[in-house]
Amino acid sequence: MIREGRCVAFPTETVYGLGADACNASAVRKIFRIKGRPADNPLIVHLWSLDQLPLVAVSVPVMFWILANRFMPGPLSVVLRKSAAIPDIVTAGLPTVGVRFPDHPVARALLKACRVPVVAPSANLSGRPSPTRAEHVLEDLDGRIPAVLDGGTCRIGLESTVVDLTSRVPTILRPGGVTREDLEDALGIHVRQARHTRKHPASPGMKYRHYSPSAEVILYEGTRKEVVAAMLRTLRQLGGKKRVGVMAEESLGRFFRGYPFFSFGLEGVSSAGQSLFAGFRSLDSAKVDVILCQGFSEADLGSALMNRLRRAATRRVRV
Ligand code: TXA
Ligand code: MG
């Protein structure tokens, strides 16, 4: 189907992607239409083998090979200078292109069989949480795409780290599964975390409200005890006027009996990262107006998780 210019959803270790032939501009146009994605938000090109790189990128710096050696295949996307073979629509007119080698066996098998570079944004409607199960893809895109390959639940659950290697200092545009510490350790130099504001987004995608459930999200940061106490205060203040759901680690569930509760599973940031987007979708289906959500420390995957949570949150409570 991809070789015929159609768009197919498939699993990766981060989130499900919606794939199309990167060298076929009319196939790529369909991706924007299907997702309702703004045309100024560039797509990441997915490859199966490093041999395909010269097709999509030029002037590749040594830093790329160091990162490739350590993290590829895996949850890392790298921004490089684009080749002429990549149509402008892929990069939203930018002279650079995002490239990623996913690690999921189904993604790799698909990319190998396609024998073309494949663009793949997350397979959700623009603005909705990224899909981490095939059912989430169908929730958003059933009737708009001919197929989704079902690979079960994504292992990481948050989108890849995006790092720009075209600037003088390597710069993280989006935190993800590969952390800043990982990158600095591999490269042996300082890696910058791009600050972004609404006016000056780090990458085009960062200016859009993202990752968001329909419900309002209140994010609580502090120790488990403080977070529970602050959530219970909010519940008292709301006094039953709004339908409230809670997202937190399993062990906190007992404080919120009677409320729709989405468990992040066992304690710890990787379990929360894996289930975050599923939680947003699940509490949206439960038709809550407000989601009270536990925050996490920024260590390891925590910076990626908190990046998504801060962007989804309408209010933050630090206790
Ligand atoms: O984990 C992932 O990266 C998933 C899976 C499917 O591979 N894909 C994904 O794609 O998250 P998408 O389109 O939802 O997010 C791509 C992000 C956007 O924020 C976009 O602005 C940024 O990468 N991006 C892509 N190309 C870029 C470029 N040339 N320069 C700067 N940012 C770029
Ligand atoms: Mg996305």
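Here is what the cut-offs are and how they apply
The residue count restarts for each chain, going from 1 along the sequence in the order it is written. Lettering for chains starts from A, numbering for ligands starts from 1, and both go in the order in which the items are written. Only residues with pLDDT of at least 70 get local features here, since the model is predicted, and only at 80 or more are side-chain atom pairs given and counted; chain-wide, interface and lining totals rely on the full set of residues. Hydrogen atoms and water are omitted, and side-chain values are computed over all heavy atoms in the structure. Strands here mean DSSP runs of E at least two residues long; helices mean DSSP runs of H or I at least four residues long; both are numbered from the N terminus. Exposure is judged per residue with a 1.4 Å probe applied to protein chains only, and the accessible area is read against the type maximum: over 50% gives exposed, under 20% gives buried, and values in between give partly exposed. Angles shown run from 0 to 180 degrees and are taken between the N-to-C directions of axes, each axis being a line fitted to C-alpha atoms and, for helices, limited to the stretch in contact. Oblique is the label for any angle not under 35 degrees, not over 145, and not in the 65 to 115 range, which are roughly parallel, roughly antiparallel and roughly perpendicular in turn. If you view the pair so one helix is near and one far, a crossing is left-handed when the near helix is turned anticlockwise from the far one by less than a right angle, and right-handed when it is turned clockwise. Residues are treated as being in contact if the distance between any of their heavy atoms lies within 4.5 Å. Basically, the charged four are Asp, Glu, Lys and Arg, the nonpolar ten are Ala, Val, Leu, Ile, Met, Phe, Trp, Tyr, Cys and Pro, and anything else, Gly included, counts as polar. The length a helix should cover is 1.5 Å for every residue beyond the first. The directions considered for the arc are those from the helix axis to the C-beta atoms. The rule for a residue being near a molecule or strand is that one of its heavy atoms must lie within 4 Å of it. N or O atoms closer than or at 3.5 Å make up a polar contact, with two conditions inside protein: a donor-capable atom paired with an acceptor-capable one, and, for residues adjacent in sequence, both atoms drawn from side chains. Note that accessible areas follow from Shrake-Rupley with a 1.4 Å probe, and for residues the cover is restricted to the protein chains shown.

Enquirer: Can you tell me about the environment of Ala109, naming the residues and giving the values?
Expert: Within the secondary structure, Ala109 sits in helix α5 (residues 105-114). Looking at Ala109, the relative accessible area reads 47%, which means it is partly exposed. When the C-alpha atoms of Ala109 and Trp48 are compared, they prove to be 8.2 Å apart, with 61 residues separating the residues in sequence.

Enquirer: So what about the packing of helix α9 (residues 269-285) against helix α10 (residues 302-312)? Which residues, and what values?
Expert: Contact geometry for α9 and α10: axes closest at 9 Å, N-to-C directions at 25°. Put simply, α9 runs roughly parallel to α10. As α9 packs across α10, the resulting crossing turns out to be left-handed. Note on element contacts: α10 touches α9 through Gly302, Leu305, Arg308, Leu309 and Ala312, opposite Val269, Ala272, Gly273, Leu276, Phe277 and Phe280. Split by residue class, the contact of α9 with α10 holds eight nonpolar, two polar and one charged.

Enquirer: Describe in detail helix α8 (residues 224-238), supporting the description with residues and values.
Expert: For α8, spanning 15 residues, the distance from its first C-alpha to its last is 21 Å, which sits close to the expected 21 Å at 1.5 Å a residue. What α8 keeps buried is the set Val227, Val228, Ala230, Met231, Thr234, Leu235 and Leu238. The buried residues of α8 occupy an angular sector of 165° when the element is viewed end-on, so they sit on one face. Opposite the packed face of α8, turned more than 90 degrees from it, sit the exposed residues Lys225, Arg236 and Gln237. The elements touched by buried residues of α8 are β12 (216-221), β13 (244-248), β15 (290-294) and β16 (315-318). Where α8 ends, the next residue or the one after it, Gly239, has phi of about 50°, a positive value.

Enquirer: So what's going on with the site of ligand 1? Which residues, and what values?
Expert: Lining the immediate environment of ligand 1, one finds 27 residues, of which Thr14, Asn41, His46, Ser160 and Gly205 sit closest. In the model, a nitrogen atom of ligand 1 is placed 3.1 Å from a nitrogen or oxygen of the Thr96 side chain. Contacts to ligand 1 include Arg174, whose side-chain N or O atom sits 3.0 Å from an oxygen atom. For ligand 1, the protein covers 97% of the area, taking 680 Å² as the surface of the free molecule. Those elements that provide at least two residues to the shell around ligand 1 are β3 (44-46), β6 (96-100) and β10 (171-174). A per-element tally of the shell around ligand 1 places β6 first, with four residues. Class assignment for the residues of the shell around ligand 1 results in 13 nonpolar, ten polar and four charged.

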